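Fold and geometry: a report
So the chains spell out like this:
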Amino acid sequence: MIKANVAFSDLQQPPEWRNDALFFGESQIAPYRHCAVETIVVRMQGQWFATVRERCRDVEWDKGDAGALVDADRFNQLYKEALLWPLDYLMIEVAQAGCRLKLRAGLLGSAPVYCRVTDDAVELSYDLADFFSRPTTIDLEMASRRLALNADYSARQLCSGVLMLTERATLYAEPGKSRYVYPSPAETISPSEEALIDHGVERFEQLLHRAISIRPTPKRMAVELSGGMDSATVACALAQSHENIISLGVLLDDGYSQLQAERRRMLIEKLGLRDTAVNIDSFPPTLDLQPSASRPDYPLAEFYLEAFENLWDSARTQGSEFLFTGLGGDQLFPAYRNEERSAGGKSDIVVAEAKRRAELLLTPRALNSSCSISGFDAPVGPLSASVLASSMCQAPHLLRRGLWPINPLSDPHLASFCRRLPLQSRKDRETMWRYLRAKLGEIFPRSYCKETFAHVLPELIAHHAKTITTQLRECALADLGLVNRDAVLQLLDELVVTRARALTAPLISFLWLERFVRQIA
């Protein structure tokens, strides 16, 4: 939500607003400028705090206190109110006498917060690319974990010396010293029959409506519409209270898109959406290992960035300032350990095989590193790590275009309710399916199969295999001692022959990271 360069010595100076940024001495804090975001500064003698946060319909803020000196009682009252803000926020606290700084993150992860702390300064940004202008080294242990397909929603990042403020985390910094504190793990949620007392579908709809309406939104907005249940649920709820909604969709290629296209057509017609769609064949992911001079590469990439960038640009051109997504839907209805999985056995086998094949690419040193630092992961939070990682991945691309991301299915209240539902209401997303049937009719049959891009990357990699092989005559990750280049080429040859999904994830993870490391080098 911000970009900032702060010298500790400047923290002795009082903050002053100039040109939409907060200045003190030679330092500045520049909040992200968007109608979705507001910045509040509260001062008392010797200390102040600033909070950059999502605007909320439900809470009125007394702007008379903004920027003015207040007494200790009023300061503490406003401080507590800021900590209890119901939407996402970043909070900066300053003690002037000791030149001490504290950063707090909210729990929604709408925009990442990357930090670099030195003995005399702190640099902050929501865009990791801002840290590439100076010489940067790769954290080899984190790179090993990434190549091994291990979870990595963590304060520790691939760029040495750069931390990410994960949800609810706190960073303490002062001259010559800093300390990062993870939050306590979120309370474990268990299923309960009591969750159905309010009738599951009715309560689901109420909480979804709250997640949609809690933020003030402009007249024009966009919603991602894949043709699946998650994005359809968000679009349906959005259309209940808004008009003039732009829908955005990436279509599968001709051999796979007929059902998807027909389902999207019915949704667009029923909900009165204005649609923009592109075919994945027209904007395939680039597999060129040479870094792009026109845009930075990221270590955690959106696989289909080229297609989505075209849609996001179109939404912005049409006047949209908010982008609603179905992110979080896959995690709303989990299966717990003591419950029989209705489907997913095959998926679990693919995931296990992908991890096994990923580990075969690693050198012994990298394999040992990939297994030895699991304690660096952020603790369990109200939202799943995969949702937060996905949001972290997309947010910089959206914010650069002036689009504020909103993920209603990642709302903590909705997630908590759905996770407590008994098995019969979670199995096959029963509660969501009933909501959609009540609103839209029989668009989603019981036998509905989710659209997938799983075939896209194997075909694309196979098509470009010769070019990839040529570019891998030199391998940056092998030079770092992390992968066996011959093992990578063997995996590539096998994928060309089999197109196996289990081979795609380790190979694409390698290719994305190889390109990123070449850029840093």
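Everything below is about the structure printed above this text.
On a predicted model such as this, the values are computed, not experimentally measured, just so you know.

**What to know about the overall build of the protein**
- Counting secondary structure elements, the protein contains 17 helices and 18 strands.
- Counting only C-alpha atoms and orienting by the principal axes, one finds that the protein spans roughly 70 × 55 × 50 Å.
- Here the protein, with 521 residues, has 54% of them falling under the buried criterion.
- Nonlocal contacts in the protein, meaning residues at least 24 apart in sequence, comprise 74% of its contacts between residues at least 6 apart.
- Carbon and sulfur atoms make up 49% of the accessible area of the protein, which amounts to about 23,400 Å² in all.
- The average position of the 59 basic charges and that of the 66 acidic charges among the side chains of the protein differ by 1 Å.

**Focus: the sheet that holds strand β4 (residues 27-31)**
- If you walk across this open sheet you meet the seven strands as β2-β3-β4-β1-β10-β9-β11, and the pairing is antiparallel. If you trace the sheet from one side to the other, it starts and ends with β2 (16-18) and β11 (162-164), each paired once. Strand after strand, the sheet turns through a mean of 20° between neighbouring axes, direction not considered.

**A look at the packing of aromatic side chains**
- Under the defined criterion, the tally for this structure stands at eleven aromatic pairs.
- A ring pair is formed by Y304 and F453, whose centres lie 5.0 Å apart and whose planes are at 35°; its orientation type is tilted. Remark: F453 occurs in the loop between α12 (430-440) and α13 (456-463) and Y304 occurs in the loop between β16 (274-279) and α6 (305-317); sequence separation between them is 149 residues.
- An aromatic cluster of three or more residues is present, and its members are Y32, Y126 and W404.
- Over the face of the ring belonging to W85 we find R53, whose NZ or CZ atom lies 3.6 Å from the ring centre.
- Directly above the ring of W433 sits R446, whose terminal nitrogen or CZ lies 3.6 Å from the centroid.

**Observations concerning the nonpolar core**
- Formed by 89 residues in total, the largest nonpolar core has its most connected members in L477, V483, L507 and F510.
- If you tally residues by element for this core, the top one is helix α17 (residues 501-520), at ten residues.
- V483 has contacts with L147, L361, L362, T363, C475, L477, A478, V488 and F510, leaving out every residue within four places of it along the chain.
- Core analysis: the next-biggest nonpolar cluster, separate from the first, contains 73 residues, A50, V113, I406 and F444 among them.

**Digging into the pattern of salt bridges**
- According to the stated counting rule, one finds 32 salt bridges in the structure shown.
- We note a salt bridge from E54 to R215, for which the minimum N-O separation is 2.7 Å. Remark: R215 occurs in the loop between α3 (200-213) and β14 (221-224) and E54 occurs in strand β6 (residues 47-54); sequence separation between them is 161 residues. The exposure classification of E54 matches that of R215, with both residues buried.
- For the salt bridge of R434 with E430, the shortest nitrogen-to-oxygen distance reads 2.7 Å.

**What about unusual backbone geometry?**
- One non-glycine residue, N19, lies in positive phi territory at about 55°.
- Look at R429: it is not a glycine, yet its phi comes out positive at around 55°.

**Digging into the environment of G249**
- Looking at the element boundaries, G249 is found in strand β15 (residues 245-251).
- For G249 and A36, which are 213 residues apart along the polypeptide, the C-alpha to C-alpha distance reads 24 Å.
- Apart from residues lying up to four places away in sequence, G249 is in contact with L225, R264, T276, A277, V278 and L311.

**A word on the pairing of strand β5 (residues 37-44)**
- Of all eight residues in β5, six are buried, a share of seventy percent or more.
- Connecting β5 to the antiparallel partner β6 that follows it, the hairpin turn spans two residues, and G46 within it adopts a positive phi of roughly 90°.

**What to know about the sheet that holds strand β7 (residues 89-95)**
- Taken in spatial order, the six strands line up as β5-β6-β7-β8-β12-β13 in an open sheet, and their pairing is antiparallel. Edge strands, defined here as strands with exactly one partner in the open sheet, are β5 and β13 (177-181). Strand-to-strand, the axes of this sheet are offset by a mean angle of 10°, without reference to chain direction.
- Note: β6 against β7, seven bridges, orientation antiparallel. What sits directly across from R53, in β7, is Y89.
- In the packing of helix α1 (residues 72-83) onto the sheet, contacts are made with β5, β6, β7 and β8 (100-105), and the angle to β6 comes to roughly 25°.

**Here's the deal with the side chain of K102**
- Structurally, the position occupied by K102 is in strand β8.
- Overall, K102 belongs to the buried group, its relative accessible area being 17%.
- Beyond its immediate chain neighbours, meaning those up to four positions away, K102 contacts Y79, M91, I92, E93, T170, L171 and Y172.

**Some remarks on helix α4 (residues 229-241)**
- Here α4 contains 13 residues, and its C-alpha end-to-end distance of 19 Å stays within 8% of the 18 Å for a straight helix at 1.5 Å per residue.
- Counted residue by residue, α4 has ten buried out of 13 residues, so it is predominantly covered.
- Among the residues making up α4, those that are buried are M229, D230, S231, A232, T233, V234, A235, C236, A237 and L238.
- Structurally, α4 contributes buried residues whose contacts are with α3, β14, β15, α5 (258-271), β17 (322-324) and α12.

**Some remarks on the packing of helix α2 (residues 140-147) against helix α8 (residues 364-372)**
- Relative to each other, α2 and α8 sit at 85°, their axes nearing to 8 Å. Classed by the angle they form, the pair α2 and α8 counts as roughly perpendicular. Counting all contacts with α2, which are made through L140, E141, S144 and R145, the residues of α8 involved are R365, A366, S369 and S370.
- Looking at the contact of α2 with α8 residue by residue, the class counts come to two nonpolar, three polar and three charged.

**A closer look at the side chain of R429**
- On the secondary structure map, R429 appears in the loop between α11 (423-426) and α12.
- Overall, R429 belongs to the buried group, its relative accessible area being 18%.
- Excluding anything up to four places from it in sequence, R429 contacts M229, D230, G329, D330, F333 and K450.

**Some details on the environment of S370**
- For S370, the location among the structural elements is in helix α8.
- For the pair S370 and L147, spaced 223 residues apart in sequence, the C-alpha to C-alpha distance is 8.1 Å.
- With residues up to four places along the chain from it excluded, the contact list for S370 reads S144, R145, A148, N150 and L362.
- In this structure the side chain of S370 is engaged in a polar contact, spanning 2.7 Å, whose partner is the backbone oxygen of L367.

Cut-offs and rules
- Residues numbered from 1 in each chain as written.
- Predicted model: local features only at pLDDT ≥ 70, side-chain atom pairs only at ≥ 80, totals over all residues.
- Heavy atoms only, no water.
- Helix = DSSP H or I, 4+ residues; strand = E, 2+ residues; numbered from the N terminus.
- Buried < 20%, exposed > 50% of the residue type's maximum accessible area, 1.4 Å probe, protein only.
- Contact = heavy atoms within 4.5 Å.
- Areas by Shrake-Rupley, 256 points an atom, 1.4 Å probe, with all protein chains shown as cover.
- Lys, Arg positive; Asp, Glu negative; His and termini not counted.
- Charge placed at Lys NZ, Arg CZ, Asp CG, Glu CD.
- Pairing = 2+ DSSP bridges.
- Axes fitted to C-alpha atoms, helices over the stretch in contact; angles between N-to-C directions.
- Phe/Tyr/Trp six-rings, centres within 6.5 Å; stacked < 30°, edge-to-face > 60°.
- Lys NZ or Arg CZ within 6 Å of the ring centre and 35° of its normal.
- Core = buried A, V, L, I, M, F, W, Y, C linked by side-chain atoms within 4.5 Å.
- Salt bridge = Lys/Arg side-chain N within 4 Å of Asp/Glu carboxyl O.
- Expected span 1.5 Å × (residues − 1).
- Parallel < 35°, antiparallel > 145°, perpendicular 65-115°, else oblique.
- Nonpolar A, V, L, I, M, F, W, Y, C, P; charged D, E, K, R; others polar.
- Polar contact = N/O pair within 3.5 Å; in protein donor to acceptor, adjacent residues only side chain to side chain.

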